[in-house]
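What follows is the residue order along each chain.
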Amino acid sequence: MRRIVGSHDILFVTLDTLRYDVAAELAAAGRTPNLAAQLPGGRWERRHSPGSFTYAAHQAIFAGFLPTPADSPGPHPRLFAARFAGSESTATTSFVYDAPDLVSGLAEAGYRTVCVGGVGFFSKTAALGSVLPGLFQESHWSPQTGVTSATSFETQVALAERITEEHARQAPEQPLFLFVNVSALHQPNWHHLPGATKEHGDTRASHAAALEYVDRHVPRLFAAMARRRPCFAIVCSDHGTAYGDDGWSGHRIGHESVWTVPYAHFTLPAAARQDSDERARR
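None of these values were measured; they are calculated from a predicted model.

**Observations regarding the overall build of the chain**
Looking only at helices and strands, the chain has eight helices and twelve strands in total. For the chain, the C-alpha radius of gyration of 18 Å lies close to 19 Å, the compact-globule estimate for 282 residues. Each principal axis of the C-alpha atoms in the chain carries an extent, and together these give about 50 × 50 × 40 Å. Residues counted as buried form 51% of the 282 residues belonging to the chain. For the chain, restricting intrachain contacts to residue pairs at least 6 apart in sequence, the fraction spanning at least 24 positions comes to 72%. Of the roughly 12,400 Å² that the chain leaves accessible, carbon and sulfur atoms contribute 52%. One way to put it: in the chain the 25 positive side-chain charges average out to a point 5 Å from where the 27 negative ones average out.

This is the structure in structure tokens:
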């Protein structure tokens with residue numbers, strides 16, 4: 001990350017409430033081809049969330065504590081780390097900053113920081129919903145990007161496209177850090193399952209259908225962020241949620257369906273490089 005910060009734009013996407021098992025099943029079955037095309041090896045990495053609900057998880061994530069690899073013992077070197085004496089997970093490759101949070105650390109490194117909010121903790125409609133977006137130089141939220149909108153992710157992507165276009169015109173040399181909190185997976189998500197009604201309620205199947213909906217529109221987001229320079233992307237869930245697992249429902253509980261999340265990071269080549277590579281293949 002010490003080489004990436006400053007030379008790449010950075011995209012951080014949290015697929016709010018996405019369960020690892022659902023994400024892995026859909027990728028293996030070919031039901032999320034656009035996401036799978038970017039995942040290393042076409043698979044999600046299984047990780048443990050630092051929190052069991054949105055606010056707690058994002059407070060940790062924005063402090064540099066990303067979801068932790070679940071299939072190997074630690075300590076695991078972190079991508080980002082605030083300077084902190086005695087840290088066992090800060091490595092020579094980590095981007096180390098003196099600010100109290102990653103967003104401010106990237107701003108101090110010259111990035112424009114922008115948040116496109118989704119769930120209520122990013123809504124800015126009350127003091128609590130202003131804490132997380134308040135970390136950013138610029139933040140956006142509307143009911144159309146929130147959990148009750150059946151077209152929330154399309155709206156978020158269109159907003160991201162506008163932000164990146166304007167940034168390319170106004171500050172072509174300044175790196176951009178764009179954070180998107182995707183609300184589509186969070187309840188209510190029944191409206192993404194064909195034939196479902198409000199009376200059916202949310203299910204594991206509608207949760208999966210919401211991920212398929214996100215997959216249909218995510219290429220536009222990736223393309224927007226790679227329009228100028230290479231983009232380092234992190235895509236993960238902040239926590240999962242239970243649908244009757246062992247009698248449990250929802251999140252903010254200590255259950256495997258909540259703690260275990262999908263994670264990936266990868267580099268999106270700059271659009272100019274992609275065009276060059278395509279011409280070479282021809």
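**Considerations on helix H1 (residues 20-28)**
Every buried residue of H1 is accounted for by Tyr20, Val22, Ala23, Leu26 and Ala27. Taken around the axis of H1, the buried residues stretch over an arc of 170°, which confines them to a single face. Close packing links the buried residues of H1 with strand S2 (45-48), helix H6 (204-225) and strand S12 (260-268). Downstream of H1 by one or two residues, Gly30 has phi in the positive range, about 75°.

**Side note on empty space enclosed by the protein**
Enumeration over the complete set of coordinates arrives at one cavity of 30 Å³ or more. By volume, the largest cavity is sized at about 40 Å³. Taken together, the elements giving at least two residues each to the lining of the largest cavity come down to helix H5 (152-170) and H6. In terms of residue count, the dominant contributor to the lining of the largest cavity is H5 (three residues). Of the residues in the lining of the largest cavity, the class split is four nonpolar, two polar and three charged.

**Quick notes on H5**
Since the α-helix packs 3.6 residues into each turn, any two residues three or four apart lie on the same face. For H5, with 19 residues, the first-to-last C-alpha span of 27 Å sits near the 27 Å given by 1.5 Å per residue. Of all the positions in H5, only Ser152, Phe153, Gln156, Val157, Leu159, Ala160, Ile163, Thr164 and His167 are classed as buried. Each buried residue of H5 lies within a common arc of 160° when the element is viewed along its axis, so the set occupies one face. Those residues of H5 hidden inside the fold are in contact with strand S6 (112-116), strand S7 (138-140), strand S8 (176-182) and H6.

**Regarding the pairing of S12**
With seven of nine residues buried, S12 lies mostly within the body of the structure. Here S2 pairs with S12 via four bridges, running antiparallel. The partner of His48 across the bridge, within S12, is Thr260. In terms of strand pairing, strand S9 (residues 231-236) meets S12 through six bridges, oriented antiparallel. In the strand pairing of S12, Ala233 is matched with Phe266.

**A few points about the layout of surface pockets**
The space that makes up the largest pocket amounts to roughly 230 Å³. Lining the largest pocket we find 14 residues, and of these Leu66, Pro67, His76, Pro77 and Arg78 sit closest to its centre. Breaking the lining of the largest pocket down by element, the ones donating at least two residues are strand S3 (68-69) and S12. Of the residues contributing to the lining of the largest pocket, the split by class is seven nonpolar, five polar and two charged.

**As for the pattern of salt bridges**
Any two side chains of opposite charge can pair, on the condition that their charged atoms come close. The full count for this structure, using the stated rule, is 15 salt bridges. Across the pair Glu212 and Arg31 runs a salt bridge whose closest N-O atoms are separated by 3.0 Å. Remark: Arg31 occurs in the loop between H1 and helix H2 (33-36) and Glu212 occurs in helix H6; sequence separation between them is 181 residues. Each of Arg19, Asp21, Glu25, Arg204 and Asp245 takes part in one network of salt bridges that share partners.

Rules used throughout
Residues numbered from 1 in each chain as written. Predicted model: local features only at pLDDT ≥ 70, side-chain atom pairs only at ≥ 80, totals over all residues. Heavy atoms only, no water. Helix = DSSP H or I, 4+ residues; strand = E, 2+ residues; numbered from the N terminus. Rg over C-alpha atoms; globule rule 2.2 N^0.38 Å. Buried < 20%, exposed > 50% of the residue type's maximum accessible area, 1.4 Å probe, protein only. Contact = heavy atoms within 4.5 Å. Areas by Shrake-Rupley, 256 points an atom, 1.4 Å probe, with all protein chains shown as cover. Lys, Arg positive; Asp, Glu negative; His and termini not counted. Charge placed at Lys NZ, Arg CZ, Asp CG, Glu CD. Arc of directions from axis to C-beta. 1 Å grid on protein atoms, 1.4 Å probe; cavity = no way out; pocket = protein on both sides within 12 Å on 5 of 7 lines; lining within 4 Å. Points joined across faces, edges and corners; volume = space filled by probe spheres on them. Nonpolar A, V, L, I, M, F, W, Y, C, P; charged D, E, K, R; others polar. Expected span 1.5 Å × (residues − 1). Pairing = 2+ DSSP bridges. Salt bridge = Lys/Arg side-chain N within 4 Å of Asp/Glu carboxyl O.

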